[in-house]
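# Chain and residue survey
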Amino acid sequence: MAEAAASGAETEGAYRLIEAASAVPEHLFGAAGYLFCCPENLGSMTGEMKAFFDRCYYPLLGRIEGRAYAAMIAAGTDGSGAERQLDRIVTGWRLRRAAEPLIVKTGAQTPEEILGPKRVPEALLHDCRNLGRALAAGLALGVF
């Protein structure tokens with residue numbers, strides 16, 4: 001999903017795809033906007049994504065207010081828990097939502113499905129590319 005969004009953003013100009021485990025406050029401080037992408041596990045964002053926010057939250061508090069963001073969440077059947085958690089965090093940063101969250105539901109229910117590889121249908125990858133493209137274009141045009 002993140003790679004699809006990045007390919008959409010690429011058509012509109014500058015973007016940077018950074019894994020949560022590698023992201024540091026300087027990456028966010030140097031960006032005009034953000035597209036957060038994570039899976040939902042057990043009704044919340046993954047530990048990697050939570051660790052990213054734990055690492056970056058306070059160093060950026062009061063320094064990135066007003067910047068645009070969007071979110072993409074991969075979930076088995078819901079996604080709303082991760083969405084609420086992410087919304088609470090970015091509210092503290094006072095970011096502005098540029099688009100409604102894109103929640104991709106895989107339907108995984110059994111342990112084998114949950115632990116196994118997921119395939120996002122092309123139509124939903126198209127939506128990811130469009131979200132990346134729209135956010136990048138809005139940032140480039142100064143809409144956000």
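Remember, it's a predicted structure, so these values are computed and weren't measured experimentally.

### Some points on the packing of helix α3 (residues 47-60) against helix α4 (residues 80-93)
Viewed as axis vectors pointing N to C, α3 and α4 meet at an angle of 15°, and their least axial separation amounts to 10 Å. By the angle between their directions, the pair α3 and α4 is classed as roughly parallel. The two elements α3 and α4 meet at a crossing, and its hand is left-handed. Facing Met49, Lys50, Phe53, Cys56, Tyr57 and Leu60 of α3, the residues of α4 in contact are Gln85, Leu86, Ile89, Gly92 and Trp93. Residues that form the contact of α3 with α4 fall into these classes: eight nonpolar, two polar and one charged.

### Some details on the confidence of the model for the protein
Per-residue pLDDT for the protein averages 95, and the proportion of residues at 70 or more is 100%. Within the protein, helix α5 (residues 111-115) has the poorest average pLDDT of any element, 91, and strand β3 (residues 68-75) the best, 98.

### What about a nonpolar patch on the surface?
Nonpolar side chains collect at one region of the surface, where Leu141, Val143 and Phe144 lie side by side and expose about 310 Å² of accessible area between them. Looking at the secondary structure, you find Phe144 in the segment after α6 (122-141). Owing to a relative accessible area of 30%, Phe144 belongs among the partly exposed residues under this scheme.

### Structural notes on the packing of aromatic side chains
Per the stated rule, a full pass over the model turns up eight aromatic pairs. Between Phe53 and Trp93 the ring centres are 5.7 Å apart and the planes differ by 55°, which places this aromatic pair in the tilted class. Note that Phe53 is positioned in helix α3 and Trp93 in helix α4, a separation of 40 residues in sequence. Judged by relative accessible area, which is 2%, Phe53 ranks as buried. Here Trp93 falls in the buried class, since its relative accessible area comes to 0%. Ring plane angle 90° and centroid distance 5.0 Å describe the contact between Tyr57 and Tyr58, whose orientation is recorded as edge-to-face.

Scoring rules and cut-offs
Residues numbered from 1 in each chain as written. Predicted model: local features only at pLDDT ≥ 70, side-chain atom pairs only at ≥ 80, totals over all residues. Heavy atoms only, no water. Axes fitted to C-alpha atoms, helices over the stretch in contact; angles between N-to-C directions. Helix = DSSP H or I, 4+ residues; strand = E, 2+ residues; numbered from the N terminus. Parallel < 35°, antiparallel > 145°, perpendicular 65-115°, else oblique. Left-handed = near helix turned anticlockwise from the far one by under 90°. Contact = heavy atoms within 4.5 Å. Nonpolar A, V, L, I, M, F, W, Y, C, P; charged D, E, K, R; others polar. pLDDT = per-residue confidence, 0-100. Patch = residues over 30% accessible without salt bridge, like charges linked within 9 Å, V, L, I, M, F, W, Y side chains within 5 Å. Areas by Shrake-Rupley, 256 points an atom, 1.4 Å probe, with all protein chains shown as cover. Salt bridge = Lys/Arg side-chain N within 4 Å of Asp/Glu carboxyl O. Buried < 20%, exposed > 50% of the residue type's maximum accessible area, 1.4 Å probe, protein only. Phe/Tyr/Trp six-rings, centres within 6.5 Å; stacked < 30°, edge-to-face > 60°.

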